[in-house]
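# An overview of the molecular structure
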Amino acid sequence: MKLGIVGLPNVGKSTLFNAITQACAEAANYPFCTIEPNVGVVAVPDERLDRLAAMYHPKKLTPAIVEFVDIAGLVKGASKGEGLGNKFLSHIREVDAIVHVVRCFEDANIVHVDGSVGPLRDIETIQLELIFADLEMIERRIDRVQKALKGDKKYQTELDLLNEVKGVLESGKPARAMDLSPEQAEMLSQVALLTAKPVLYVANVLEDELADIEHNSNVAAVQKAAEAENSEVIAVCAKIEEEIAQLEPEEKKAFLEDLGLSESGLDRIVKASYSLLGLISYLTAGEPEVRAWTIVRGTKAPQAAGKIHTDFERGFIRAEVVAFDDLMACGTMAVAKEKGLVRSEGKDYVMCDGDIVLFRFNV
């Protein structure tokens with residue numbers, strides 16, 4: 001599960017990445033300071049794990065994780081090889097979703113690659129480069145399908161879809177803006193389009209702008225662009241997030257309270273990124289370990305068990321499940337069982353976020 005942090009040069013990508021991972025990716029005031037993508041793994045904030053740990057006192061606590069890739073700044077003409085061009089595009093192709101950092105602040109000391117701050121222009125610059133790259137791929141795919149169609153008419157459906165996608169891209173819109181059926185989405189997933197990847201926009205603002213985001217015209221512009229393609233926007237101050245990330249938990253809490261915030265922008269980004277991919281967590285709990293396991297929403301119990309070990313899926317018998325809130329209300333698993341809140345579920349059970357599970361299997 002990888003998320004690529006993209007944006008024009010000098011918008012705050014590497015600063016945000018440093019905050020997310022507490023890593024030391026270079027953040028410099030010139031383009032292309034990030035040449036190879038930096039990769040960092042970050043835990044998904046989940047207070048349920050802490051509460052289970054207080055109940056079980058486990059030897060180990062393992063959260064769900066998200067992998068972030070800091071991809072070097074794209075520039076106009078990247079799809080034709082400008083800047084570091086195709087190398088950047090190949091890095092984006094490898095991620096599951098995109099975190100698009102957009103500069104929404106004025107600072108004369110930080111050079112903007114286009115000479116002035118313009119969120120919509122910046123979004124369009126990157127979007128067009130991804131669209132151009134996708135058009136090239138779609139056209140190649142159309143050529144192959146047209147040749148296959150001469151020998152087998154079953155390819156007509158795919159050809160019709162590809163031509164529809166091509167029309168959307170040529171109009172300047174991303175493939176993710178299309179309203180596709182599950183069958184069409186599955187068919188299109190074989191093409192691996194860049195603009196089909198889900199996007200989370202991160203509006204990077206100054207510290208003193210955080211308290212009045214509603215009246216920030218630059219952030220409003222990003223929100224308008226995001227709404228047109230059913231994407232989400234989170235406003236953060238990357239520089240502040242980098243400072244917060246270096247604090248101890250108690251210091252961090254006090255710092256956030258001083259800013260009037262209940263959680264850091266980074267926690268919101270990680271949570272939003274997790275849900276962006278349609279992911280949920282189920283939990284396992286005991287004295288050896290309390291752990292969150294990542295699955296796609298809609299996953300059935302045997303496949304969820306397979307995340308732990310393939311033998312669990314192969315020899316699946318049943319899943320003993322209790323909802324997190326029910327367990328917390330009861331105080332112990334024994335009480336939850338006495339009240340009949342621990343259910344025995346079979347192979348067709350669809351897992352829910354926060355299910356606490358014990359899998360029974362036999363191989």
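Residues numbered from 1 in each chain as written. Predicted model: local features only at pLDDT ≥ 70, side-chain atom pairs only at ≥ 80, totals over all residues. Heavy atoms only, no water.

### Quick notes on the packing of helix α8 (residues 238–245) against helix α9 (residues 249–259)
It is the contact of α8 with α9, at a shortest axis distance of 9 Å, that shows an interaxial angle of 150°. One element, α8, and the other, α9, form an angle in the roughly antiparallel class. Of the residues in α9, those touching α8 at I240, E243 and I244 are K252, F255, L256 and L259. Residues that form the contact of α8 with α9 fall into these classes: five nonpolar, no polar and two charged. (Axes fitted to C-alpha atoms, helices over the stretch in contact; angles between N-to-C directions. Helix = DSSP H or I, 4+ residues; strand = E, 2+ residues; numbered from the N terminus. Parallel < 35°, antiparallel > 145°, perpendicular 65-115°, else oblique. Contact = heavy atoms within 4.5 Å. Nonpolar A, V, L, I, M, F, W, Y, C, P; charged D, E, K, R; others polar.)

### Describing the sheet that holds strand β7 (residues 232–236)
Spatial ordering of the open sheet is given by β2-β4-β1-β5-β6-β7, a layout of six strands whose pairing is mixed. If you trace the sheet from one side to the other, it starts and ends with β2 (38–43) and β7, each paired once. The average undirected angle you get between the axes of adjacent strands in this sheet is 25°. Relative to β7, strand β6 (residues 199–204) runs parallel, the two sharing five bridges. When the sheet's bridge partners are listed, L200 is paired in β7 with E232. Against the sheet, helix α4 (residues 119–149) makes contact with β5 (97–103) and β6, and its axis sits at roughly 145° relative to β5, the strand it touches most. (Pairing = 2+ DSSP bridges.)

### A short note on the packing of aromatic side chains
As enumerated under the stated definition, the model contains four aromatic pairs in all. Between the aromatic rings of Y282 and W293, the centroid separation amounts to 6.4 Å while the plane-to-plane angle is 15°, which identifies the pairing as stacked. With Y282 in strand β8 (residues 279–285) and W293 in strand β9 (residues 289–296), this pair connects stretches of sequence that are 11 residues apart. Centroid distance Y282 to F359: 5.7 Å. Interplanar angle 90°. Geometry classified as edge-to-face. Placement of Y282 in strand β8 and of F359 in strand β12 (residues 355–361) is noted, with a sequence separation of 77 residues between them. Each member of the pair, Y282 as well as F359, is classed as buried. Taken together, the ring pairs connect Y282, W293, F316 and F359 into an aromatic cluster. (Phe/Tyr/Trp six-rings, centres within 6.5 Å; stacked < 30°, edge-to-face > 60°. Buried < 20%, exposed > 50% of the residue type's maximum accessible area, 1.4 Å probe, protein only.)

### Side note on the pairing of β9
Here strand β3 (residues 60–62) runs beside β9; their pairing, made up of three bridges, is parallel. Each bridged residue has a counterpart across the sheet, and for K60 the counterpart in β9 is E289. Linking β8 to β9, which pair antiparallel, is a turn of three residues.

### Focus: the pattern of salt bridges
All chains considered together, the criterion is met by 15 salt bridges. Its salt-bridge partner being D353, residue R48 comes within 3.3 Å of it at the nearest N-O pair. One end of the pair, R48, is in helix α2 (residues 47–56); the other, D353, is in the loop between β11 (343–345) and β12, and 305 residues separate them in sequence. With a closest N to O distance of 3.5 Å, K239 and E242 form a salt bridge. One end of the pair, K239, and the other, E242, are both in helix α8, three residues apart, so they sit about a helical turn from each other. Put simply, D46, R48 and D353 are held in one network by salt bridges that share partners. (Salt bridge = Lys/Arg side-chain N within 4 Å of Asp/Glu carboxyl O.)

### Some thoughts on the confidence of the model for the protein
Residues of the protein with pLDDT of at least 70 account for 89%, and the chain-wide mean is 87. This stretch, residues 23–35, has a pLDDT under 50; its non-local contacts, to residues over four places away or in other chains, come to 34 contacts. (pLDDT = per-residue confidence, 0-100.)

### Let's talk about empty space enclosed by the protein
Empty space left among the atoms is revealed by rolling a probe the size of a water molecule over them. On inspection of all chains with the given rule, the structure shows two cavities of 30 Å³ or more. Looking at the largest cavity, its volume works out to about 70 Å³. Every residue lining the largest cavity is listed: V6, I98, H100, I123, I126, Q127, L130, R176, T195, V199 and Y201. Elements represented by at least two residues in the lining of the largest cavity include exactly β5, α4 and β6. With four residues, the top contributor of residues to the lining of the largest cavity is α4. When the residues that make up the lining of the largest cavity are grouped by side-chain class, the tally is seven nonpolar, three polar and one charged. Of the voids in this model, the second largest cavity is the one considered here, and its volume is about 30 Å³. If you trace the second largest cavity, you find it lined by L210, A235, V236, C237, E241, L261, G265 and R268. Secondary-structure elements contributing two or more residues to the lining of the second largest cavity are β7 and α10 (265–276). Tallied by class, the residues present in the lining of the second largest cavity amount to five nonpolar, one polar and two charged. (1 Å grid on protein atoms, 1.4 Å probe; cavity = no way out; pocket = protein on both sides within 12 Å on 5 of 7 lines; lining within 4 Å. Points joined across faces, edges and corners; volume = space filled by probe spheres on them.)

### As for α8
With six of its eight residues buried, α8 lies for the most part within the structure. For α8, the full list of buried residues reads A238, I240, E241, E242, I244 and A245. In this structure, the buried side of α8 is in contact with α1 (13–21), β6, β7, α9 and α10.

### Considerations on the environment of D96
As for its position among the elements, D96 is in the loop between α3 (85–93) and β5. Using a relative accessible area of 36% as the deciding quantity, one classes D96 as partly exposed. With residues near it in sequence (within four places) discarded, D96 still touches M1, K2, K197, P198 and L277. A polar contact is formed between the side chain of D96 and the backbone nitrogen of K2, at a distance of 2.7 Å. (Polar contact = N/O pair within 3.5 Å; in protein donor to acceptor, adjacent residues only side chain to side chain.)

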